[in-house]
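The residues making up each chain are set out below.
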Amino acid sequence: MLFSIDERLSRIPGLVHGFGRGDLTEEGLRTFALGRGLRLVLLDQIHSDIIHIIEEAPAGRLPGDALATNAPGLLLAVKTADCLPVLLADFRLRVVAAVHAGWRGTRLRIVEKTVRAMAGRFGTDPADVIAALGPGIGASCYEVGEEVRSEFLSAGLPGSVFAPAGRPGKHFLDLAEANASLLRAAGVPEIAPAGDSGCTHCDPRMHSFRRDRDASRRMFSFIGLSS
Ligand SMILES: [Zn+2]
């Protein structure tokens, strides 16, 4: 398998999803989608809080960092290498979303805003949302500067997602916990890391921008409704 799955999401009938490892290429994902009669939808990711709610595949790549739909036939995908991919599914109303959350998107509360957008557009009750956090950089590998911490604190995010990095002005940021706290704030009860989601920086099967310094190497996380 080129990707890992979330047990809870896999129990939703007609839902297709996965967190791709480093060896799942865009071409490989396109073939996977085609084989299931799905059209792959990718973003032009810009570390924003822009969410696109779509009903059909757009002509080109939309600038933004989250995609949501209730339409069958689309495979929504985000690409990451250290940033956190988040897949969301409203199992009752059958709405799915894929979110790219790096520290900038996290500070802008993109996962929380995506849940609110699902509620606003489709009537999603956050209590019906299953959230799966994919592989991102681990808390003990993600060193950030004081400016990131102060931006988070001024945006109202909890200081508890930071730990001292042992060097002056440096902190470790727990990106997964920061996003989990935003999802809890949005009323989502079911939040879990998916399958073998380890640290992208430590796991050689994963791409890590901090480790490899190669912006062309990304991993794909995807979700869609086949029927
Ligand atoms: Zn690590």
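Above this text sits the structure in question.
Since this is a predicted model, take the numbers as computed values, not measurements.

The rules behind these values
Residues numbered from 1 in each chain as written. Predicted model: local features only at pLDDT ≥ 70, side-chain atom pairs only at ≥ 80, totals over all residues. Heavy atoms only, no water. Donors = N, O, S within 2.8 Å, 3.2 Å for Na, K, Ca; no water. Buried < 20%, exposed > 50% of the residue type's maximum accessible area, 1.4 Å probe, protein only. Phe/Tyr/Trp six-rings, centres within 6.5 Å; stacked < 30°, edge-to-face > 60°. Helix = DSSP H or I, 4+ residues; strand = E, 2+ residues; numbered from the N terminus. Polar contact = N/O pair within 3.5 Å; in protein donor to acceptor, adjacent residues only side chain to side chain. Pairing = 2+ DSSP bridges. Axes fitted to C-alpha atoms, helices over the stretch in contact; angles between N-to-C directions. Contact = heavy atoms within 4.5 Å. Salt bridge = Lys/Arg side-chain N within 4 Å of Asp/Glu carboxyl O.

To continue, consider the coordination of the zinc ion. Within the protein, Cys141 (SG), Cys199 (SG) and Cys202 (SG) serve as the donor atoms for the zinc ion, at 2.2 Å. Coordination of the zinc ion draws on donor residues from a single chain, spaced C-x57-C-x2-C in sequence. When its relative accessible area of 55% is taken as the criterion, Cys202 is described as exposed.

Another aspect to go through is the packing of aromatic side chains. Counted by the stated rule, this structure contains four aromatic pairs. With a centroid separation of 5.2 Å and an interplanar angle of 80 degrees, the aromatic rings of Phe3 and Phe222 are classed as edge-to-face. Highlighted residues: Phe3 in strand β1 (residues 3–4) and Phe222 in strand β16 (residues 219–225), separated in sequence by 219 residues. The pair Phe3 / Phe222 is uniform in exposure class, with both members buried. Residues Phe152 and Phe162 carry aromatic rings whose centres are separated by 5.4 Å and whose planes lie at 85 degrees to one another, so their mutual orientation is edge-to-face. Of this pair, Phe152 sits in helix α5 (residues 146–154) while Phe162 sits in strand β13 (residues 162–164); the two residues are 10 residues apart in sequence, bridging distant segments of the chain.

Quick look at the side chain of Thr106 now. Mapped onto the fold, Thr106 is located in helix α3 (residues 103–107). For Thr106, a relative accessible area of 0% gives the class buried. At 2.6 Å, the side chain of Thr106 and the backbone oxygen of Gly102 are in polar contact. Here Asn179 takes part through its side chain, which lies 3.1 Å from a polar atom of the side chain of Thr106.

What follows is about the sheet that holds β16. Strand pairing in a sheet relies on backbone hydrogen bonds. The paired strands run either parallel or antiparallel. Here we have five strands laid out as an open sheet, ordered β1-β2-β16-β8-β3, and mixed in their pairing. A strand with exactly one partner marks an edge of an open sheet, and here the two such strands are β1 and β3 (39–41). Bridging between strand β2 (residues 15–20) and β16 involves five bridges; their strand directions are antiparallel. Looking at the pairing, Phe19 lines up with Ser221 of β16.

Pairing in this open sheet of three strands is antiparallel, and the strands run β12-β14-β13 from one edge to the other. Edge positions in the open sheet fall to β12 (143–145) and β13, since each of these has one partner strand only. Pairs of neighbouring strands in the sheet enclose a mean axial angle of 45 degrees, with direction left out of account. Where β13 and strand β14 (residues 170–173) come together, three bridges link them in antiparallel fashion. Along β14, the bridge assignment pairs Pro164 with His171. Those strands touched by α5 are β12, β13 and β14, and its axis lies near 80 degrees from that of β12.

For His47, which is not glycine, the phi dihedral falls at a positive 55 degrees. Its place among the elements puts His47 in the loop between β4 (43–44) and β5 (51–53). Residue His47 is classed as partly exposed on the basis of its relative accessible area, which comes to 32%. Although it is not a glycine, Arg213 adopts a positive phi angle of roughly 55 degrees.

A separate point is the environment of Ala165. Within the secondary structure layout, Ala165 lies in the loop between β13 and β14. A C-alpha to C-alpha distance of 8.3 Å links Ala165 and Ser140, two positions 25 residues apart in sequence. Excluding residues within four positions of it along the chain, Ala165 makes contact with Glu143, Lys170, His171 and Phe172.

Turning our eyes to something else, we now look at the pattern of salt bridges. All chains considered together, the criterion is met by 18 salt bridges. The shortest N-O distance in the salt bridge between Arg149 and Glu146 comes to 3.7 Å. Of this pair, Arg149 and Glu146 both sit in helix α5, separated by three residues, roughly a single helical turn. Judged by relative accessible area, which is 34%, Glu146 ranks as partly exposed. The shortest N-O distance in the salt bridge between Arg211 and Asp212 comes to 2.9 Å. For Asp212, a relative accessible area of 26% translates into the label partly exposed.

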